[in-house]
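Here is what each chain is made of, one letter per residue.
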Amino acid sequence: MLFPPSSTVFGPSSYLSTTGTPRPPTMPGPPLPGQTAAGPPVSQPNHVFSPPPPSPMAGPQPGPPMSGLHGPPLPTHPPQPGYQMQQNGSFGQVRGPQPNYGGTYPGTPSYGSQPGPPPPPKRLDPDSIPSPQLNELPPQQKPRHRIDPDAIPSPIQVIEDDRNNCGSEPFVTGVRGQVPPLVTTDFLVKDQGNASPRYIRCTSYNIPCTSDMAKQSQVPLAAVIKPLATLRPEETLPYLVDHGESGPVRCNRCKAYMCPFMQFIEGGRRFQCCFCSCVTEVPPHYFQHLDHTGKRVDFYDRPELSLGSYEFLATVDYCKNNKFPSPPAFIFMIDVSYNAVKSGLVRLICEELKSLLDYLPREGNMEESAIRVGFVTYNKVLHFYNVKSSLAQPQMMVVSDVADMFVPLLDGFLVNVNESRTVIASLLDQIPEMFADTRETETVFAPVIQAGLEALKAAECAGKLFIFHTSLPIAEAPGKLKNRDDKKLINTDKEKTLFQPQTSFYNNLAKDCVTQGCCVDLFLFPNQYLDVATLGVVTYQTGGSIYKYAYFQLETDQDRFLNDLRRDVQKEVGFDAVMRVRTSTGIRATDFFGAFYMSNTTDVEMAGLDCDKTITVEFKHDDKLSEDSGALLQCALLYTSCAGQRRLRIHNLSLNCCTQLADLYRNCETDTLINYLAKYAYRGVLSSPVKAVRDALINQCAQILACYRKNCASPSSAGQLILPECMKLLPVYLNCVLKSDVLQPGLEVTTDDRAYIRQLVTSMDVAETNVFFYPRLLPLTKADVDSDSLPAAIRNSEERLSKGDIYLLENGLNIFVWVGVNVQQSLIQNLFGVSSFSQISNGLSTLPILENPFSKKVRSIIDMLQMQRSRYMKLIIVKQEDKLEMLFKHFLVEDKSLSGGASYVDFLCHMHKEIRQLLS
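A quick note: this is a predicted structure, and the numbers were derived from the prediction, not measured. (Residues numbered from 1 in each chain as written. Predicted model: local features only at pLDDT ≥ 70, side-chain atom pairs only at ≥ 80, totals over all residues. Heavy atoms only, no water.)

Engineer: Just to check I follow, could you spell out the sheet that holds strand β4 (residues 200–202) for this structure?
Structural biologist: Neighbouring strands of a sheet are bound in pairs by backbone hydrogen bonds; such pairs are parallel or else antiparallel. The four strands are arranged β4-β6-β22-β20 in an open sheet whose pairing can be described as antiparallel. The open sheet terminates on both sides in strands that have one partner only, identified here as β4 and β20 (587–593). This sheet shows a mean twist of 25 degrees between the axes of neighbouring strands, independent of strand direction. When β20 meets strand β22 (residues 615–621), the two strands line up antiparallel, connected through six bridges. If you follow Ile587 over to β22, its bridge partner there is His621. (Pairing = 2+ DSSP bridges. Helix = DSSP H or I, 4+ residues; strand = E, 2+ residues; numbered from the N terminus. Axes fitted to C-alpha atoms, helices over the stretch in contact; angles between N-to-C directions.)

Engineer: Where do I start with the sheet that holds strand β10 (residues 279–281) in this structure?
Structural biologist: Taken in spatial order, the three strands make up an open sheet running β8-β9-β10, and their pairing is antiparallel. Edge strands, defined here as strands with exactly one partner in the open sheet, are β8 (263–265) and β10. Neighbour-to-neighbour, the strand axes of the sheet open up by a mean angle of 30 degrees, direction not taken into account.

Engineer: Would you mind going over the packing of aromatic side chains with me for this structure?
Structural biologist: To describe a pair of aromatic rings, you give the distance between the ring centres and the angle between the ring planes. Tallied over the entire structure, the rule returns 32 aromatic pairs. For the pair Phe593 and Tyr676, a centre-to-centre distance of 5.6 Å together with 85 degrees between the ring planes defines the contact as edge-to-face. Placement of Phe593 in strand β20 and of Tyr676 in helix α12 (residues 670–684) is noted, with a sequence separation of 83 residues between them. Comparing Phe593 with Tyr676 shows no difference in burial state: the two are buried. With a centroid separation of 5.2 Å and an interplanar angle of 40 degrees, the aromatic rings of Phe816 and Phe891 are classed as tilted. With a gap of 75 residues between them, Phe816 in strand β28 (residues 814–819) and Phe891 in the loop between α19 (885–889) and α20 (904–919) connect regions that are remote in the sequence. Looking at Phe816, the relative accessible area reads 0%, which means it is buried. Every member of this aromatic cluster is reached through a ring pair, and the members are Phe468, Phe523, Phe525, Tyr547, Tyr549, Phe552 and Phe561. One Lys or Arg, Lys295, reaches over the ring of Phe299 and ends 4.4 Å from the middle of that ring. One Lys or Arg, Arg296, reaches over the ring of Tyr286 and ends 4.4 Å from the middle of that ring. (Phe/Tyr/Trp six-rings, centres within 6.5 Å; stacked < 30°, edge-to-face > 60°. Buried < 20%, exposed > 50% of the residue type's maximum accessible area, 1.4 Å probe, protein only. Lys NZ or Arg CZ within 6 Å of the ring centre and 35° of its normal.)

Engineer: Explain the nonpolar core here, please?
Structural biologist: Counting 114 residues, the largest nonpolar core has Phe384, Ile467, Tyr665 and Leu743 as the members making the most contacts within it. Among the elements that make up this core, the one with the highest residue count is helix α13 (residues 690–711) (eleven residues). When residues no more than four places from it in sequence are discounted, the contact partners of Leu743 are Ala681, Tyr682, Val685, Val690, Val693, Arg694, Leu697, Val737 and Leu738. In terms of nonpolar packing, the next biggest core, distinct from the first, is built from 43 residues, Leu348, Leu360, Tyr385 and Val417 among them. (Core = buried A, V, L, I, M, F, W, Y, C linked by side-chain atoms within 4.5 Å. Contact = heavy atoms within 4.5 Å.)

Engineer: What am I meant to see in the pattern of salt bridges here?
Structural biologist: Opposite charge on two side chains allows them to pair when their charged atoms are near. By the definition in use, this model includes 50 salt bridges. A salt bridge links Glu352 to Arg566, with the shortest nitrogen-to-oxygen separation between them at 2.8 Å. With Glu352 in helix α5 (residues 345–356) and Arg566 in helix α10 (residues 554–570), this pair connects stretches of sequence that are 214 residues apart. Residue class for Glu352 comes out buried when judged on its relative accessible area of 9%. Asp591 serves as the salt-bridge partner of Arg683, at 2.7 Å between the closest nitrogen and oxygen. (Salt bridge = Lys/Arg side-chain N within 4 Å of Asp/Glu carboxyl O.)

Next comes the structure, spelled out in structure tokens:
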């Protein structure tokens, strides 16, 4: 009895087979002790013997010694007369016989509900990893045995194996249904007819032929699309194809754009659409003869026939009101209320803008940016500035009637930076002085967006508002909010209201912004509750970005804010964007996730779309697919470039189709699956209780794994957990999503934090969700100061940390540097410039620049990580046993969390139990 090569096998709940040789996990990488280096796992008979019942003593049971896993020998339990009811009822009813399970989990991690009363201490679960408290128990109460954490699938090992297998060769996209390397692998892409995985990643590259098969497996069919993704410098940007006044060639019926999968017939005079099979005449100017294989002879000269991604220059028919767009504008809108001025924020923004305005995005080889700029300041009223180049000094105009917003000037509000340089510089010098003595603490918010929107309307262009805002807008005005923060709603049916906007006003405003192509980027600096769930609505629906700096302080937060602002202003962005995803017959796009607005069921509308934003699309069957023809996706994005050019960006991807479930499971991508599941769950909390969302996630993943077990794995004892090779990290990653602040908040997490994270994750790409949910942990003391490489990552668990070492943990938003109490003095001196552990100041947020190899190496690692992420991460130095350590431990996601989240080992046991229940 051998297992399929695509399975990872563990023994029963004690993760060993009940009899015979222990079954080691079949994992690539170095053999574990007791595992032969090559060949499939040892097969074994499936009979069970019953040892004498375990004594109440918790020492090791007598029995045959077992190799294969470290730690004390594991006892074998007889079938229990019935699985004990969980203390908190979170696992449902009492179930039938569950062999090989000990008592309940210690502290019973709450998967779906709140922790109940603690179970009696004597029923400690044999399968738990001892936590520090357990080590202090008297000897007779110690747990009987534990699952060895090294014997369960390791994210680090999977990432490492993929790097070794796929990192050296370029990924060539010519083959249909090819699964790309993992997002954690650094690889080069060669476009040969399918879009690069930087633009599109799928949950599976081999999709079921029928809807019944898709329902049976429960694997969601989804694509995470990042239409304007940044490529590596060595990779070629999409070519721009200009077909003149006739515009791009399209299918007559479904309007799909010309692509490599279209079939030319009748000597090249007509083409058959690969999406809907309709036959269309080839326009005379586009005609070309076919070679002996039926390919056009100009195949390699035309990007749209030979590449997966390319751009078309759009004709006037693709423009609003049938006229070509003007270049976009950027409007900077600065809160000048008391808090913003007192914290030094207003002065900082004005200083930075003086130099930053020279770096506005520009097209290819243009001398200067075509983007015009404007400036507004506000508190309870709005101040507009005329910065016309002919003026000697800027002029200020105040609008105090915020209930009926209008722009008091047209000429001189939006200007070219070079022409008005001296007037702008003068204005930015004067703003901090003008408001230096302000006593105004109240702010408005909606009128600020309305003002920007009206200015863009008057100028007849699209653009972006950069709003710098500090407090809950309580001043009398449209969109006024009240403080409705209420921690008591957590874990009640009303918890969902915390994620919903408190008024529909902002939804309507967002709709108007999208119509005009007015994108809103929001920089928040709150000292208390600000209602991100409501203030973020317009940003979210216009395709903008939110940045949040709670308790902003110049000395600690300045670098992060300025880096974020610089990148946000400079990055590639398309305006007035509409995206549509077409599919070949058999499947269709049914659901969309991300920062956008939809006025119908097919078009994703975004006032702005930048190079970091993704749109996740789910597909469902509406007919049968065939293995021969496969399935096709075409993503078409219509947008205005930063120079005002209307363009179409096209991405094509071909997938395989299968009639065997094994082929589906062999071609899945767990990182993309987790990205989809997190977004699905994070949208779910808007309308369902958080507990229901968590339970649904666990249930769906149990069904995915149970279907594999039932239909694809060789028959074996129910006590074994068998996972598909490419989904063996699904349990550990899913547990990270379940324990995240949105779905299971700790006491210190604010309502605003949760709303902020919920919106951030919704437009993250696969690489960002990967490191966000399972952070990267690097032992800095193991870094080789003479090489450019990073030290090998380790697993996210406290038991992997040594008191004598220094570690770095990053999750895309924060970087923690954890310093153990026993670190050598020389290392502390080299990194912090102080002579002992006790002298490192608490809450340090920067590393001193010291001239020694260790300091240089650590700082270069941090700089390298900062470059890889779309936001500048906050650096937090954590001393072992300091109060900040609690925050750091929150990110050690393989451990049990304080908010009730399960450890990886416990969750794997729980998933196994769920799967067994589904199979019985």
